[in-house]
Amino acid sequence: MRIIAELPHPDFKISILNMNQKFIVKIEQGTLEQSYKVAEMDLTDGVNSVFELLDDEFLKKVGARFVEMRTDFKDTYYRYNY
């Protein structure tokens, strides 16, 4: 697995990796991570097609999902520890 690109974003760390004929989009925020795998053969323009997938609408949903993930983890952490 190798990193082929990193995209600047004010809220996330976005890395694009390549492994076994797949692009892996890894989006991190603090201790949380979301990853998406896309087969190279499903994209017409290689890594440039991956950049196109990461539009504003998608990244807003990723941000909302991070909020949900953080809430879910915090809730279970407090159930376990208190």
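Residues numbered from 1 in each chain as written. Predicted model: local features only at pLDDT ≥ 70, side-chain atom pairs only at ≥ 80, totals over all residues. Heavy atoms only, no water.

Asker: Give me the overall build of the protein chain: which residues, what numbers.
Answerer: Counting secondary structure elements, the protein chain contains two helices and four strands. From first element to last, N terminus to C terminus, the protein chain shows the α and β order β-β-β-β-α-α. For the protein chain, the C-alpha radius of gyration of 15 Å lies well beyond 12 Å, the compact-globule estimate for 82 residues. C-alpha atoms of the protein chain, sized along the principal axes, occupy 50 × 25 × 20 Å. Taking all 82 residues of the protein chain together, 26% fall into the buried category. In the protein chain, the proportion of contacts linking residues at least 24 apart, taken out of those at least 6 apart, comes to 35%. Of the roughly 6,100 Å² of accessible surface on the protein chain, a fraction of 51% belongs to carbon and sulfur atoms. (Helix = DSSP H or I, 4+ residues; strand = E, 2+ residues; numbered from the N terminus. Rg over C-alpha atoms; globule rule 2.2 N^0.38 Å. Buried < 20%, exposed > 50% of the residue type's maximum accessible area, 1.4 Å probe, protein only. Contact = heavy atoms within 4.5 Å. Areas by Shrake-Rupley, 256 points an atom, 1.4 Å probe, with all protein chains shown as cover.)

Asker: Help me get a handle on the pattern of salt bridges, residues and values and all.
Answerer: Under the counting rule described, the total for this entry stands at one salt bridge. The partner of Glu57 in a salt bridge is Lys61, with the nearest N and O atoms 3.8 Å apart. Here Glu57 and its partner Lys61 are both found in helix 2 (residues 56–81), four residues apart, which amounts to about one turn of the helix. Note on Glu57: relative accessible area 53%, which makes it exposed. (Salt bridge = Lys/Arg side-chain N within 4 Å of Asp/Glu carboxyl O.)

Asker: Quick rundown of the environment of Met41? Include the residues and the values.
Answerer: Here Met41 shows up in the loop between strand 4 (32–39) and helix 1 (47–53). Put simply, Met41 and Lys26 are 15 residues apart on the chain and 19 Å apart in space, counted from C-alpha to C-alpha.

Asker: Describe the packing of aromatic side chains, listing the residues and the values that go with them.
Answerer: All chains considered together, the criterion is met by four aromatic pairs. Note on Phe12 and Phe66: the rings are 5.6 Å apart at their centroids and 40° apart in plane angle, and the pair reads as tilted. Of this pair, Phe12 sits in the loop between strand 1 (2–7) and strand 2 (13–19) while Phe66 sits in helix 2; the two residues are 54 residues apart in sequence, bridging distant segments of the chain. A single burial state applies to Phe12 and to Phe66, both of which are buried. Three or more aromatic residues link up through ring pairs in this structure, and these residues are Phe73, Tyr77 and Tyr78. (Phe/Tyr/Trp six-rings, centres within 6.5 Å; stacked < 30°, edge-to-face > 60°.)

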